[in-house]
Each structure stands twice: as C-alpha cells, then as structure tokens.
Amino acid sequence: MNTIGDFHVHTNFCPHGSDDSMESYVLAAIKSGLKHLTFTEHAPLPKNFIDPTPEKDSAMRWEDINKYFDEANRLKHLYKDDLTINVGFEIDYIEGFEKESIEILNKFGNQIDDAILSVHMLIAPNGEFVCIDYSMGEFERIVDLFGSVDAVYSKYYETLKNALYSDLGEFKPIRIGHITLIEKFSKVFKSSTSFEDEIISILSIIKELGYELDANAAGFFKEYYQSSYPSPAILAIAEEMGIPLIFGSDSHTSHHIARGIDLLPITFSSPKKLKND
Ligand SMILES: [Zn+2]
Ligand SMILES: [Zn+2]
C-alpha cells in the first residue's frame, strides 16, 4: 500500500473547526496528490462527561454522528478511483470514563476503518477536568490549578501511559495522537526539564504494545510551539525503534490537508489496521 496519505483530518462536524465540507477536504487531498485520507473527527464525548472547555466545543455532537458516517460513505464511493477514504475517530482517553469509551467504540467499531487515541483532558488536583490545548489563557489557569508547569507535564505523561495500558475493548485505536500536545504553549510556559525520558518511555510502551504514532505536523504552525508532535528528533528515535509513523496534518480546514508533510524528514507508514484494505 502506498503511504502517501493524510491520516488525521477533521471536518465540518467539529464544533471548533471550520465549516469546510468533507468533500472540500477530499478535493484538496486529490489536488495534493494524496492517495489516502482518513477522517478522524473527534468522537462524541461520553454523555455523562461534561466538556470542560469554555465553549463546550471539544467534540462532534451525538446528533451529528450518522450524518458524518453517511457523508463519509457517500464520498468513499464517489471518489473511489482517485482516493482511498477511511472514516474513523480521534477518540479521547478520559481517565475514569473507560467504560463509557468502550461503549462508544463498540457501538461504532464496525463502521470505522481507522482511529486515533488522544489525550486532551486531564484531571486537575482539585478533581476538575481540564482541556490542555484549548487556549493559552486556559493553559495558564491549568498551571495555576496544578501549581507548576512541570506538574501539568507530569500528569499529562502519566495520563498518556494510562491511555496506552487501558483496556478499551476490541476497537481500541492502535495509533496514539500527538504525544507531545502538552508542549503547545511551551514557548511561554516552559517546563524546567525536557521530559525526554518520559517521552522515550512512552515510545517504549508504544513499541512493546505494537502501537503506531501519529506524526502530527500541526504543531509546526502553532505560534507558541513551532515543532511537530512529537519533535523531529523524537520522531527519528521512534523511527529507529521501528515504530510505524503515520502522517497527520490534524487539519481543521481543507486547505491544511497535507500541510507540513515536507517538514518531516522521516519514512511514513500506512496504518496497519485499515479496514479498507
Ligand atoms: Zn480538533
Ligand atoms: Zn487532538
């Protein structure tokens, strides 16, 4: 299978994204010369989980999910000669909501071709959930809740490890999203150490469990980060370890399809569990 693809793409069903239609992403992918595209819309959050973001816009609405699948399936068919389209989720690992996440995955597992597991939500020391990538202002509040930048980073990597080891059932994604997302505001909120040991130990677990890495270029375009998730240096280590690296632009607008792919001097793989194959 040809590896030229963008395997982390959002849609108009993302409340914090753009209104660009799924078809416009497909056309952009074809125009960029891609052979593969995976729609990974944020899976709806568990119904008993309260979205901690100020706008409550972290994920697709439950009422949109059938429309999302219907449109993906229509496009798959329509463009099958030009592009392999996969449909799936970026699903949140939320500590304490594993049971609910299994239910979501089991409910839709038969309809998804590909998926990513990501951590955006952490439990703060006061027990409230926080979303780490919402905004700089919100990140500042999170640092206050935790007491230090280092404490936020530690909790993030601990939660990521829990995500890797968690039992999310037979449809648990094997690709792990943007494993250094916590660094999104790192040019302003600096940790006292690099946390590289933590990141390497995460890579070892990914390798041990046979998972894949989302080689996510979106970070290059974040003003307060300006690198990939994870950085090119970490991706090189992951490549050396034999971890499959799957390109993702994390586009929330159609003209960002494949953006940043040339900035990553690595060999990309295709997701190995694609149902479309
Ligand atoms: Zn998003
Ligand atoms: Zn994400």
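Here the structure is a predicted model, which is why all the values come from computation and not from measurement. (Residues numbered from 1 in each chain as written. Chains lettered and ligands numbered in written order. Predicted model: local features only at pLDDT ≥ 70, side-chain atom pairs only at ≥ 80, totals over all residues. Heavy atoms only, no water.)

## What to know about the coordination of the zinc ion (ligand 2)
Under the convention used in this document: Counted as donors are the N, O and S atoms within 2.8 Å of the metal, or 3.2 Å for Na, K and Ca, while water is not among the atoms, so some sites may look incomplete. Runs of H or I in DSSP of at least four residues are treated as helices and runs of E of at least two as strands, each being numbered from the N terminus. For every residue, the accessible area (1.4 Å probe, protein chains only) is compared with the maximum for its type, and the residue is labelled buried under 20%, exposed over 50%, or partly exposed between those bounds.
For the zinc ion (ligand 2), the full set of protein donor atoms is Glu90 (OE), His120 (NE2) and His178 (NE2), and the range of their distances to it is 2.1 to 2.3 Å. Positions of the donor residues of the zinc ion (ligand 2), expressed as sequence spacing, correspond to E-x29-H-x57-H. The distance between the zinc ion (ligand 2) and the zinc ion (ligand 1) comes to 5.5 Å. Pair noted here: Glu90 is in strand 3 (residues 84-92) and His120 is in the loop between strand 4 (114-118) and strand 5 (121-123), with a separation of 30 residues, a long-range link. Accessibility classification places Glu90 together with His120 in one group, the buried group.

## Quick look at helix 3 (residues 98-108)
Defined as follows: This arc corresponds to the set of directions leading from the helix axis out to the C-beta atoms. Contacts: residue pairs with any heavy atoms within 4.5 Å of one another.
Among the residues of helix 3, Glu100, Ser101, Ile104, Leu105 and Phe108 are the ones counted as buried. The arc enclosing the buried residues of helix 3, seen along the axis, measures out at 135°, which places them on a common side. In this structure, helix 3 carries Lys99 and Lys107 as exposed residues pointing more than 90 degrees from its buried face. In this structure, the buried residues of helix 3 make contact with helix 2 (65-78) and strand 3.

## Quick word on the state of the cysteines
As a reminder, the rule being used: Two cysteine sulfur atoms form a disulfide, by the criterion used here, when they sit within 2.5 Å.
Within the structure shown, the criterion is met by 0 disulfides. For Cys14, which is in no disulfide, the shortest distance to another cysteine sulfur is to Cys131 and amounts to 11 Å. The class of Cys14 is buried, set by a relative accessible area of 3%.

## As for the UniProt feature "domain: PHP" (unreviewed entry) in the chain
Worth spelling out the cut-off: UniProt positions are given in the numbering used here, feature names are shortened, and annotations may be inferred rather than shown by experiment.
The positions that UniProt labels "domain: PHP" (unreviewed entry) are, in the present scheme, residues 6-216. Annotated as 36% helix and 18% strand, the span residues 6-216 places its first and last C-alpha atoms 10 Å apart.

## Brief notes about the coordination of the zinc ion (ligand 1)
The protein atoms donating to the zinc ion (ligand 1) are His16 (NE2), His42 (NE2) and His252 (NE2), with metal-donor distances spanning 2.0 Å. Counting gaps between the donor residues of the zinc ion (ligand 1) yields the pattern H-x25-H-x209-H. Overall, His16 belongs to the partly exposed group, its relative accessible area being 35%.

## Some words on the pairing of strand 8 (residues 212-216)
How we decide: By definition, two strands form a pair when at least two bridges between them are found by DSSP. Orient the strands so they point away from the viewer; a crossover is then right-handed if the path from the first strand over the helix to the second runs clockwise.
With respect to burial, strand 8 is a largely interior element, 5 of its 5 residues being buried. Across the two faces of strand 8 the burial is the same, with Glu212, Asp214 and Asn216 and Leu213 and Ala215 all buried. Two elements, strand 7 (residues 175-176) and strand 8, share 2 bridges in a ladder whose sense is parallel. Bridging from a neighbouring strand, Arg175 pairs with Glu212 of strand 8. One crossover worth recording links strand 7 to the parallel strand 8 by way of helix 6 (residues 196-209), and it is right-handed. With respect to chirality, the unit in which strand 8 leads through helix 7 (residues 232-241) into the neighbouring parallel strand 9 (residues 245-248) is right-handed.

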